[in-house]
Amino acid sequence: MRELAVEGAWVHTPRLHRDDRGSFHEAYRATEFAEAVGHPLHLAQANVSVSRRGALRGIHYAEVPPGQAKYVTCLSGAVYDVAVDLRLGSPSFGTWEAVELSEHNRSSLYLAEGLGHAFLALTDDATVMYLCSEGYNPSREHGIHPFDPDLAIRWPDPSQAILSAKDAAGPTLAEATASGHLPRYRQ
């Protein structure tokens, strides 16, 4: 586990064991996870999305409390996965960091409650699994426009991005701040 520049975001790169049968790796181990991030991951829901190349999902976040921590793994294909600090008062508010998650590196991304999450599918049939600390609650789910110029996320080939109508209509970070829906930072 390696902490990213966005506080509360961690990337897990497993040790891959390969032989003539294929490969094996531990995608998640509770004791090592808790030791690295300082708390266990409560699992309430697991989601899987399959996206075509160019699909851009997010930036999504849930109101805190309770929030929704996520442990994200790309099972097939590859995605450019982004963590964004949306917590008002956080030292890294408005910053983002991206990692590639793929079937080749088998890395996973952990996002603490209050962080925004988005990804761009780099391949067809990019299959992403999210382990979530809380169940989906549509009344507490929000988004930020992924092309907000104030965030200036450097998406690979943004001209080819395919957004849902909901994500395309998402507010900017400034608009979301004014709406009062952004989470607050708690150390």
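In what follows, the structure referred to is the one given above.
Notes on the structure follow. (Residues numbered from 1 in each chain as written. Predicted model: local features only at pLDDT ≥ 70, side-chain atom pairs only at ≥ 80, totals over all residues. Heavy atoms only, no water.)

## Looking at the nonpolar core
Next up, step 1: One finds Val-79, Leu-101, Tyr-110 and Val-128 to be the most contacted residues of the largest nonpolar core, which totals 29 residues.
Next up, step 2: Among the secondary structure elements, those contributing two or more residues to this core are strand S2 (9–12), helix H1 (30–37), strand S7 (70–76), strand S8 (78–85), strand S9 (96–102), strand S10 (108–111), strand S11 (115–121) and strand S12 (126–132).
Next up, step 3: Here the element with the most residues in this core is S12; it accounts for five residues.
Next up, step 4: In this view, Val-79 contacts Cys-74, Val-99, Glu-100, Leu-101, Phe-119, Leu-120, Ala-121, Leu-122, Ala-126 and Val-128; residues no more than four positions away in its chain are not counted.
Next up, step 5: Of all hydrophobic cores here, the second largest spans 18 residues; its members include Tyr-61, Leu-86, Trp-96 and Leu-151. (Core = buried A, V, L, I, M, F, W, Y, C linked by side-chain atoms within 4.5 Å. Buried < 20%, exposed > 50% of the residue type's maximum accessible area, 1.4 Å probe, protein only. Helix = DSSP H or I, 4+ residues; strand = E, 2+ residues; numbered from the N terminus. Contact = heavy atoms within 4.5 Å.)

## Some words on the state of the cysteines
Next up, step 1: Applying the stated criterion to the full structure yields zero disulfides.
Next up, step 2: With no disulfide of its own, Cys-132 lies 16 Å from the sulfur of Cys-74, the closest cysteine sulfur. (Disulfide = S-S within 2.5 Å.)

## Considerations on the sheet that holds strand S6 (residues 56–62)
Next up, step 1: Across the sheet, which stays open at both edges, the five strands sit in the order S9-S8-S11-S6-S13 with antiparallel pairing between neighbours. Two strands bound the open sheet, and with one partner strand each, they are S9 and strand S13 (141–143). For this sheet, the mean angle separating the axes of adjacent strands, direction not counted, is 25°.
Next up, step 2: Pairing of S8 with S11, which is carried by seven bridges, proceeds in the antiparallel orientation. Bridge assignment links Val-82 to a residue of S11, and that residue is Ala-118. (Pairing = 2+ DSSP bridges. Axes fitted to C-alpha atoms, helices over the stretch in contact; angles between N-to-C directions.)

## Observations regarding the pattern of salt bridges
Next up, step 1: Inspection of the entire model under this criterion finds five salt bridges.
Next up, step 2: A salt bridge links Arg-29 to Glu-32; the shortest N-O distance between them is 3.6 Å.
Next up, step 3: On the basis of relative accessibility, which here comes to 39%, the residue Arg-29 falls in the partly exposed class.
Next up, step 4: For Asp-85, the salt bridge goes to Arg-87, with nearest N and O atoms at 2.9 Å. (Salt bridge = Lys/Arg side-chain N within 4 Å of Asp/Glu carboxyl O.)

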